[in-house]
Every structure is written in C-alpha cells, then in structure tokens.
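Working through the structure, step by step
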Amino acid sequence: MKSGDVKGPPAPPAGRPDGRRERWRTHREERRREFVDAAIAAIRAVGPQISLDDVCRQAKVTKPVLYRHFRDKDDLHRAVLEQVATEILIPRIIGELARVHGDDRDLLRAAIGAYVALVREERDLYRYAMAHNDLGEGGDFVGSVEAAIAGAVGILVATRQDEPTDDAETVAYAIVGMVQLATNRWLDRPTVSEEAFVATLTDLAWVGLSPRVAAGPD
C-alpha cells in the first residue's frame, strides 16, 4: 500500500453482502468531490495558479488528508479538469444549442455568446484549464472539450441540410476552433466590446455555415 493510502474495511465472510466496502467506496467518492469543489472555489478566489496549500485552506484539511484521496497533484488537477469540462463548460454550450431560437443564425449567435460569456465569467477557471491542458482527457483538455462541442454542432449542421454532405464535421470544428482561439485572444486584448466581438464571430461563422444548411427544421 502506498504512503498516504487509507486501508479500507476488511472483506466480509463469503456469501454476505459487502455493505461496508460499498459505504467506504461511496465515502471516498464524496470526499474526492468535496476536495475538487474546494479546488474550484480556490481557483475562483485566488486565481489559476493555485497551490495545494490554497486547496487545503479552502477545504480546511492538511496535505496528508488530501493525499489520502488523490495519488498526487496531477491526480487532483485531472479531477478538477473533468468537473470543469463536464459540469461547467460543455453543458452550458450544448444546452444553448439545444434551445429553440428564432432561426439558425440566432442559434449560432446564442451559442457563441454563451461561450464567450462563460469564459469571461470563469476567466480564472478557463486559464487554469489552459495551464493544465495536457492533464485533460486523452492528454488534451482543450481538444476533448472542442470535440464534445464540435460533435453537437456537427449533428446540428447535418440535421439542417437538405442533402447530407461530408463536410459537417469539418465545418463544426472550423467554427469551434475559430471561436476558441479568437476568444482566448480577446480575453487578453479586449479591443472591442463583448457584443461587437460576438457579432463579428457570428458573421464569420455564418459565412461558412449558411450555404450548408436549409432554412431550418420543419
């Protein structure tokens, strides 16, 4: 057993339900979640360059306690990135794509606006994620998030086409990549207002998207 690991309850007699082990597993999952929540709160309070000391202060525990639930710093960072992706970034953008809008251009504007607003509101979380990108799913946090959003955009494009084409995925990745890179730059150099920035991105994206979609679903 590695240093810092906590030994679980002994196995029950053969044939008896392993209730204690299940409760122990649930407890460990809950504690990990508490520490991930504490790390996210620390990022929002302190900034993207948080230390383990910052997380421990937020969680009101010592490092040895933290290491009982994470193998090392990177294990904690990976857990934080997963939660940021699956519970903050992806649901908000895909949720906007799923809403009913006046037309496809309005939907596009709303989705781009939601992404830009989220990144602005969660600037420190976003920069934390960029700083630890290689610890994300498949060693690429940005890529995994882009893939999830581009997949949803690609499906949307495909459902709007009168005749299916082979470039729906290409168009989706082009739009997502443009928005992500431009927003990253705009955060550091906001030379125009957020409204004007979103309008420009919408115009550019619509030029590529509009010839490939029908007027909209019946």
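Structure: see above.
The following refers to the structure shown. (Residues numbered from 1 in each chain as written. Predicted model: local features only at pLDDT ≥ 70, side-chain atom pairs only at ≥ 80, totals over all residues. Heavy atoms only, no water.)

Scanning all chains against the criterion turns up two cavities of 30 Å³ or more. Empty space within the largest cavity amounts to approximately 350 Å³. No other element matches helix α7 (residues 141–160), which puts nine residues into the lining of the largest cavity. Classifying every residue of the lining of the largest cavity gives 22 nonpolar, one polar and three charged. The volume enclosed by the second largest cavity comes to roughly 50 Å³. Lining of the second largest cavity is provided by V84, I88, L89, E122, L125, Y126 and A129. (1 Å grid on protein atoms, 1.4 Å probe; cavity = no way out; pocket = protein on both sides within 12 Å on 5 of 7 lines; lining within 4 Å. Points joined across faces, edges and corners; volume = space filled by probe spheres on them. Helix = DSSP H or I, 4+ residues; strand = E, 2+ residues; numbered from the N terminus. Nonpolar A, V, L, I, M, F, W, Y, C, P; charged D, E, K, R; others polar.)

Attention shifts here to the nonpolar core. One finds L66, V80, V84, I112 and F141 to be the most contacted residues of the largest nonpolar core, which totals 62 residues. Discounting residues that sit within four places of it in the chain, L66 has contacts with F35, L52, V55, C56 and L76. (Core = buried A, V, L, I, M, F, W, Y, C linked by side-chain atoms within 4.5 Å. Buried < 20%, exposed > 50% of the residue type's maximum accessible area, 1.4 Å probe, protein only. Contact = heavy atoms within 4.5 Å.)

Another point: the pattern of salt bridges. When their charged atoms lie close together, side chains carrying opposite charge are able to pair. For the structure shown, the criterion picks out 16 salt bridges. Here K63 and D53 are joined by a salt bridge, their closest N and O atoms 3.4 Å apart. Remark: D53 occurs in helix α2 (residues 52–59) and K63 occurs in helix α3 (residues 63–67); sequence separation between them is 10 residues. For K63, a relative accessible area of 35% translates into the label partly exposed. Taking the relative accessible area as the measure of exposure, D53 reaches 37% and is therefore partly exposed. A single salt-bridge network, built from bridges that share partners, covers R92, R120, E121 and E194. (Salt bridge = Lys/Arg side-chain N within 4 Å of Asp/Glu carboxyl O.)

Summed over the entire model, instances satisfying the criterion amount to two aromatic pairs. Pairing W186 with F197 gives two aromatic rings, centres 5.0 Å apart and planes at 10 degrees, and the pair type is stacked. With W186 in helix α8 (residues 168–188) and F197 in helix α9 (residues 194–209), this residue pair connects regions lying 11 residues apart in the sequence. The class for W186 is buried, based on a relative accessible area of 8%. Residue classification places F197 among the buried positions, given a relative accessible area of 9%. (Phe/Tyr/Trp six-rings, centres within 6.5 Å; stacked < 30°, edge-to-face > 60°.)

Attention now goes to helix α4 (residues 73–98). Relative to the 38 Å expected for 26 residues at 1.5 Å per residue, α4 spans 36 Å between its end C-alpha atoms, a close match to the ideal helical length. Its side-chain oxygen 3.1 Å from the backbone nitrogen of D74, D72 forms the N-cap of α4. (Expected span 1.5 Å × (residues − 1). Polar contact = N/O pair within 3.5 Å; in protein donor to acceptor, adjacent residues only side chain to side chain.)

Turning next to α2. Taken together, the buried positions of α2 are L52, D54, V55 and C56. For α2, the secondary structure elements touched by its buried residues are α1 (19–46), α3 and α4. Positive backbone phi, at 60 degrees, marks K60, one or two positions downstream of α2.

What follows concerns the packing of α1 against α2. The description of two packed helices rests on the angle between their axes and on the distance between the axes. At a minimum axis separation of 8 Å, α1 and α2 run at an interaxial angle of 110 degrees. Taken together, α1 and α2 sit at an angle that is classed as roughly perpendicular. Pair α1 / α2 crosses with right-handed handedness. Facing F35, A38, A39, A41, A42 and V46 of α1, the residues of α2 in contact are D54, V55, Q58 and A59. Looking at the contact of α1 with α2 residue by residue, the class counts come to eight nonpolar, one polar and one charged. (Axes fitted to C-alpha atoms, helices over the stretch in contact; angles between N-to-C directions. Parallel < 35°, antiparallel > 145°, perpendicular 65-115°, else oblique. Left-handed = near helix turned anticlockwise from the far one by under 90°.)

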